[in-house]
Amino acid sequence: MKLLTVSGSPHYHAKESVSSLMYGVIFSLIPAMLVSFYFFGLPAILITLTAVVSCMFFEFIIQKYLIKGPVTIFDGSAIITGVLLAFNVPANLPLGLMVIGSAVAIGMGKMTFGGLGKNPFNPALVGRVFLMISFPVQMTTYPKPTAFTTQLTDVVTGPTPLTALKDGVTQGVPVSEIMTQLPEYGRLLIGNMGGSAGEISAIAIILGGIYMVIKKIISWHIPVTFIGSAAIFAALFWLINPEVYPDPVFQLLTGGLMLGAIYMATDYTTSPMAPWGMIIFGVGCGLLTMIIRFFGAYPEGVAFSILIMNAFVPLINRGFKPKRFGEEVKNG
Amino acid sequence: MGGVHPPENKLAEKQTIERLDPPKSVAIPLAQHLGVPAEPVVARGDQVKTGQRIAKGEAFISAHIHSSVSGKVKKVDAVVDASGYRKKAIIIDVEGDEWEEGIELDEGLQKQCDLDAKEIMTKVQEAGIVGMGGATFPSHVKLNVPKGKKAEYLIINGVECEPCLTADHRLMMEKGEEIMVGIELQMKALGVKQAIIGIEQNKPDAIQHLTRLAADYDGISVQALEVKYPQGAEKQLIKALINREVPSGKLPIEVGCVVHNVGTAFAVYEAVQKNKPLIERVVTVSGTSVKKPSNFMARIGTPVSALIEAAGGLPEDTGKVINGGPMMGKALNDLEVPVTKGTSGILIFTENESPRPPEQNCIRCARCLTICPMGLEPYLLAQLAEKQRLEECEDERIMDCMECGSCLYICPSAKPLLDHIRVGKTRVGKMIRERSG
């Protein structure tokens, strides 16, 4: 008789795999991608393609020739890093810089720690912050959204709502006056504003987030607490002095807050494991984002706040455990 | 808290229980229960009758063993059992089917019982009954409530949350009255006024049937439970039925409960009312490639191969044969392994269904921790166990793990979480024993 397989239980395995989860995330990014392509046109498509291809290329090179291990560039994780990195930069960023950013994201952000699942910091954000510090001019020259265009050069650029706000407030202009020159909330919600390629449309990103929660790809804890705590913090300051601090709705709809809360902070590897840990992490991200926006030198603080909280994850995991069965005995 | 939803695949749920004839030869292991193995009281060459005691379990946690057939003791020897190890067993060559005197063989329902609690308990012990859900803890020990503790509820486990298995389901459908009487006897033995039968909602016919029967019995009720694995784990079942949490490291009696399987209730009925020791049980034989998925009433000691033969034979593309359910069962390396008191099913997997998915890096998705029914952190326990950081394993409550397999089932990276945790538990258990001298 032929030999039987003998292995420990369980003998069933769920259908979900690493790549099915990763491709689920990629699928949920489609609405945000379409909005980005619509408003920023061909440059947005090119920058996204460049980032994805470069990320996969650098992962391949490193896995094949440096680590000399298995090549896993099709598990979807490098594609996500690429898409999110592209979403985090201005659509008209020179493609060469995008390649450099991808090399840093994959090389320094991910592979140097051992690859998938081993990196302490969100790789796309590592790439983004590297570009931000190294190429501040290119990284803060945002194209104005114009419905689909094929222009590659001479795009009209302009400030993002958050940059306009920061500049105005610094010069002492009251918020109410700055607001008159910014798009109304309906346009902000759809994403018709200046900003990084994929961060602009709150509604498309929320749609993707809802899909991921329903499909149980992510849990609600981090996005809800991130957005919620940012909103509450912003509301407090707005109530105290509405001439210096804009209302919370504006804060939520602008910059990278939605993209950060739903896609960057929820990265499995760099966020806490237990539900209470996720909540602490989300609140930390929300508060730090608003503190940087209000008091920092940069108009936007999402990337920094998530990277700072990433650094606390091992500590959070030690401090916050799931509720053990039979721990609190309140029987009666 | 936690839980997973594996595919149910209850292919044999409509197949009525079919009685199998005794095989040509049986191997009856001496360790079919938790605790101390029984001591043989027969020797090579002895003639034995069906139902005759052939080994006695006198230790505090042990159980007697009876011959499931009539014939001649061929030898007492080590045979491979479901664990994969060679264990001592009594091997009997079958000759006819002559039953021990005093065992009632007619199938008529016997409701009336004049025995007192003590006498019922003695009968249960005499019959060698053990937990038939798979844990095989000697039943008379559970019916004997320790001093200072009080039982309030008898919980009857009809959950059968393991996929594929249908043995308990069929028993509830076909032996409902007997189970009710068995429950009543156990209630009397324990001195409890209330018994709750928990059944998962995927068995509406059983819920309906037992609810109707329970109307005629005082203090017995049926509760439908959400379909979720491991709903039938003792602690999870108590939590779901009466919302009490058994504290870490403690037994159900701590919260006033005694839990028995429906199969055990039926065995108690047969022991007390019919004088029949535990010598046969219902075994599901199933699998997607099995010609005739079935539920058999099989004699203890019947080789697994005989059951597979009765279900249409071993399919050509078989890759794995499992003793028990797909979540907690053991893969067999030998098909001559005998059916024991704890064998609830024999599952046949095709070659394609057999291997685990390839292992990948842990992506820290937190699924294992979200679904762990004990609120543990399997990813962490597996890491600590792998590195033999045993004190930390203990602090993270590795001993609370009941090895339900949900973590490995759900892991998208197919990390061998439970494998590491099992080894860790063994090591931590040893460390604890050495510490306490």
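Within any chain, residue numbers begin from 1 and follow the written order of that chain's sequence. Chain letters and ligand numbers both follow the written order, the letters beginning at A and the numbers at 1. Restriction of local features to residues with pLDDT of at least 70 applies here, the model being predicted, together with a cutoff of 80 or more for giving and counting side-chain atom pairs; totals for whole chains, interfaces and linings are based on all residues.

(A) Seen up close, the overall build of chain A. A run of DSSP states H or I qualifies as a helix once it reaches four residues; a run of E qualifies as a strand once it reaches two. Both are numbered from the N-terminal end. Assigned secondary structure in chain A consists of 16 helices and 0 strands. For a compact globule of 332 residues, the expected C-alpha radius of gyration is about 20 Å, and chain A comes in at 21 Å, within 12% of that figure. Overall size of chain A, expressed as C-alpha extent along the three principal axes, is 85 × 60 × 30 Å. Using C-beta atoms placed from the backbone, we call a residue buried if 20 or more other C-beta atoms fall within 10 Å of its own, exposed if 12 or fewer do, and partly exposed for counts in between. For chain A, buried positions account for 52% of its 332 residues. A pair of residues counts as a contact when their C-beta atoms, built from backbone coordinates, are separated by no more than 7 Å. For chain A, the proportion of contacts with a sequence separation of at least 24, taken over those separated by at least 6, is 74%. Within these notes, the globule rule equals 2.2 Å times the number of residues to the 0.38 power, and the radius of gyration is based on C-alpha atoms.

(B) Expanded view of the environment of Ala 31 of chain B. Here Ala 31 of chain B lies in the loop between strand 2 (25–29) and strand 3 (39–40). When the C-alpha positions of Ala 31 of chain B and Thr 264 of chain B are compared, they lie 18 Å apart, and in sequence the two are 233 residues distant.

(C) Structural view of helix 3 (residues 167–174) of chain B. Among the 8 residues in helix 3 of chain B, 6 count as buried, and that is most of the element. Burial in helix 3 of chain B covers these residues: Ala 167, Asp 168, His 169, Arg 170, Leu 171 and Met 172 of chain B.

(D) View of the confidence of the model for chain B. On a scale of 0 to 100, pLDDT captures the predictor's confidence in every residue. With 100% of its residues at a pLDDT of 70 or more, chain B has an overall mean of 94. Among the prediction metrics, the complex's ipTM stands at 0.90, with pTM recorded as 0.91.

(E) Region of interest: the interface of chain B and chain A. Between chain B and chain A, the residue contacts involve 51 residues of the former and 32 residues of the latter. Mapped onto the side of chain B that touches chain A, the elements with two or more residues apiece are strand 15 (318–323), strand 16 (330–331), helix 12 (406–410) and helix 13 (417–435) of chain B. Looking at the side of chain B that touches chain A, the element that brings in the most residues is strand 15 of chain B, giving 4 residues.

(F) Fine view of the pairing of strand 13 (residues 280–286) of chain B. Residue and element names in this part refer to chain B. Of all 7 residues in strand 13, 7 are buried, a share of seventy percent or more. The alternating pattern of strand 13 places Glu 280, Val 282, Thr 284 and Ser 286 on one face and Arg 281, Val 283 and Val 285 on the opposite face, and all of these are buried. A pair of strands is labelled paired if DSSP reports no fewer than 2 bridges between them. Here strand 13 pairs with strand 17 (residues 345–350) via 3 bridges, running parallel. Its bridge partner lying in strand 17, Ser 286 is registered against Leu 347.

(G) Broad picture of the domain arrangement of chain B. Residues and elements named next belong to chain B. Under the domain assignment used here, chain B contains domain 1 (1–20 + 102–355) and domain 2 (367–435). Throughout, the edges of the domains are those of an automatic or database domain assignment. A straight line from the C-alpha centre of domain 1 to that of domain 2 covers 27 Å. Contact with domain 1, which involves 13 residues of that partner, is made by 15 residues of domain 2.

(H) Expanded view of the domain arrangement of chain A. Residues and elements named next belong to chain A. Once the domains are mapped, chain A shows domain 1 (18–139) and domain 2 (161–319). Taking only C-alpha atoms into account, the centre of domain 1 sits 21 Å from that of domain 2. Of all the secondary structure elements, the ones that give two or more residues to the side of domain 1 that touches domain 2 are helix 1 (18–28), helix 2 (30–40), helix 3 (42–66), helix 4 (77–87) and helix 6 (123–134). In terms of residue count, helix 2 provides more of the side of domain 1 that touches domain 2 than any other element does, 7 residues in total.

(I) Focus on the packing of helix 5 (residues 95–108) of chain A against helix 6 of chain A. All names here are of chain A. Comment: axis = line fitted to C-alpha atoms, over the contacting stretch for helices; angle = value between 0 and 180 degrees taken between N-to-C directions. In contact at an axis separation of 8 Å, helix 5 and helix 6 are set at 135° when each is read in the N-to-C sense. Between helix 5 and helix 6, the interaxial angle falls into the category oblique. The two elements helix 5 and helix 6 cross, and the hand of that crossing is right-handed. Side by side, helix 5 and helix 6 meet where Leu 97, Gly 101, Ser 102, Val 104, Ala 105, Ile 106 and Met 108 of the first sit next to Pro 123, Ala 124, Val 126, Gly 127, Phe 130 and Leu 131 of the second. Ten residue types, Ala, Val, Leu, Ile, Met, Phe, Trp, Tyr, Cys and Pro, are classed as nonpolar, four, Asp, Glu, Lys and Arg, as charged, and the remainder, Gly among them, as polar. For the contact of helix 5 with helix 6, the class distribution of residues is 10 nonpolar, 3 polar and no charged. Working definition: roughly parallel below 35 degrees, roughly antiparallel above 145 degrees, roughly perpendicular at 65 to 115 degrees, and oblique for all remaining angles. Take the far helix as your reference; a near helix turned counterclockwise from it by less than a right angle gives a left-handed crossing, and one turned clockwise gives a right-handed crossing.

(J) Here's a closer look at the sheet that holds strand 5 (residues 53–56) of chain B. Residue and element names in this part refer to chain B. Across the sheet, 3 strands lie side by side as 3-5-6; this open sheet has antiparallel pairing. Only two strands of the sheet have a single partner each, and these edge strands are strand 3 and strand 6 (65–66). Where strand 5 and strand 6 come together, 2 bridges link them in antiparallel fashion. If you follow Arg 53 over to strand 6, its bridge partner there is His 66.

(K) Geometry of unusual backbone geometry. Omega for the bond connecting Ser 9 of chain A with Pro 10 of chain A falls within 30 degrees of zero, at 0°, which places this linkage in the cis form. Turning to its location among the elements, Pro 10 of chain A is positioned in the segment before helix 1. In this structure, Asn 9 of chain B takes a positive phi of about 45° despite not being glycine. Within the secondary structure, Asn 9 of chain B sits in the segment before strand 1 (18–19). One non-glycine residue, Arg 364 of chain B, adopts positive backbone phi at about 60°.

(L) Geometry of helix 5 (residues 204–214) of chain B. All names here are of chain B. Buried residues of helix 5: Ala 206, Ile 207, Leu 210 and Ala 214, and no others. Projection of helix 5 onto a plane perpendicular to its axis shows the buried side chains occupying an angular sector of 100°, all on one side. Exposed side of helix 5, more than 90 degrees from the buried face: Pro 204 and Arg 212 are the residues found there. Those residues of helix 5 hidden inside the fold are in contact with helix 3, helix 4 (176–190), strand 10 (194–200) and strand 11 (220–225). What the arc covers is the set of directions going from the helix axis to the C-beta atoms.

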